[in-house]
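Geometric and topological summary
So the chains spell out like this:
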Amino acid sequence: MKPEVLGMELDVRGEICPYPMMKTVEVLRTLPEGEVLEVLTDHPPALESIPFYTSRLGYRCAIEEDAPGQWRIRITRAAAQAGDTRGVQAPSGGTSGAEVRP
């Protein structure tokens with residue numbers, strides 16, 4: 001098992017649902033196995049929608065409060081299991097307006 005490595009940071013502060021979750025799923029499509037996506041948000045409903053949706057796709061999440069009203073959601077891509085054909089289907093719409101940093 002590879003150690004976790006911060007792969008990308010997605011800043012969706014100022015975005016409201018469903019955009020934080022949609023943009024997160026779109027970025028997850030490109031996340032290599034063993035890397036971590038950190039999502040920065042200030043929208044409390046995203047603390048439920050992002051972990052719920054990504055866990056259904058086989059990802060693990062951890063939430064940390066950076067400052068009052070701001071959170072960091074660490075999402076790790078789980079190692080693929082033999083025969084696992086699940087994939088992340090990103091909603092259309094692009095990540096316009098969100099800042100993604102490698």
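Given the structure is predicted, the values throughout are model-derived calculations rather than measurements.

So, on to the packing of helix α1 (residues 19-28) against helix α2 (residues 46-56). Look at α1 against α2: their axes get within 9 Å of each other, and the N-to-C directions meet at 35°. In this structure, the crossing between α1 and α2 has a hand that is right-handed. Here Pro20, Met21, Thr24, Val25 and Leu28 of α1 lie close against α2, whose contacting residues are Ala46, Ser49, Ile50, Tyr53 and Thr54. In terms of residue class, the contact of α1 with α2 is made up of 7 nonpolar, 3 polar and no charged.

On to the side chain of Glu38. Relative to the assigned elements, Glu38 resides in strand β2 (residues 35-41). For Glu38, a relative accessible area of 7% gives the class buried.

A few words on unusual backbone geometry. Note the cis peptide between Cys17 and Pro18, where omega equals 10°. Note on placement: Pro18 falls in the loop between β1 (5-11) and α1.

The next subject is the nonpolar core. Core analysis: the largest hydrophobic core is formed by 17 residues, its most contacted members being Leu10, Leu28, Leu37, Val39, Ile50, Ile73 and Ile75. Contributions of two or more residues to this core are made by β1, α1, β2, α2 and β4 (70-77). Top contributing element to this core by residue count: α1, with 4 residues.

As for its position among the elements, Arg72 is in strand β4. Separated by 35 residues in the primary sequence, Arg72 and Leu37 place their C-alpha atoms 9.8 Å from one another. Not counting chain neighbours up to four residues away, the residues in contact with Arg72 comprise Glu9, Glu38, Val39, Leu40, Ala62, Ile63, Glu64 and Asp66. Side-chain polar atoms of Arg72 contact the side chain of Glu9, separated by 3.1 Å. A polar side-chain atom of Arg72 sits 2.6 Å from a polar atom in the side chain of Glu38.

So, how was this worked out
Residues numbered from 1 in each chain as written. Predicted model: local features only at pLDDT ≥ 70, side-chain atom pairs only at ≥ 80, totals over all residues. Heavy atoms only, no water. Axes fitted to C-alpha atoms, helices over the stretch in contact; angles between N-to-C directions. Helix = DSSP H or I, 4+ residues; strand = E, 2+ residues; numbered from the N terminus. Left-handed = near helix turned anticlockwise from the far one by under 90°. Contact = heavy atoms within 4.5 Å. Nonpolar A, V, L, I, M, F, W, Y, C, P; charged D, E, K, R; others polar. Buried < 20%, exposed > 50% of the residue type's maximum accessible area, 1.4 Å probe, protein only. Core = buried A, V, L, I, M, F, W, Y, C linked by side-chain atoms within 4.5 Å. Polar contact = N/O pair within 3.5 Å; in protein donor to acceptor, adjacent residues only side chain to side chain.

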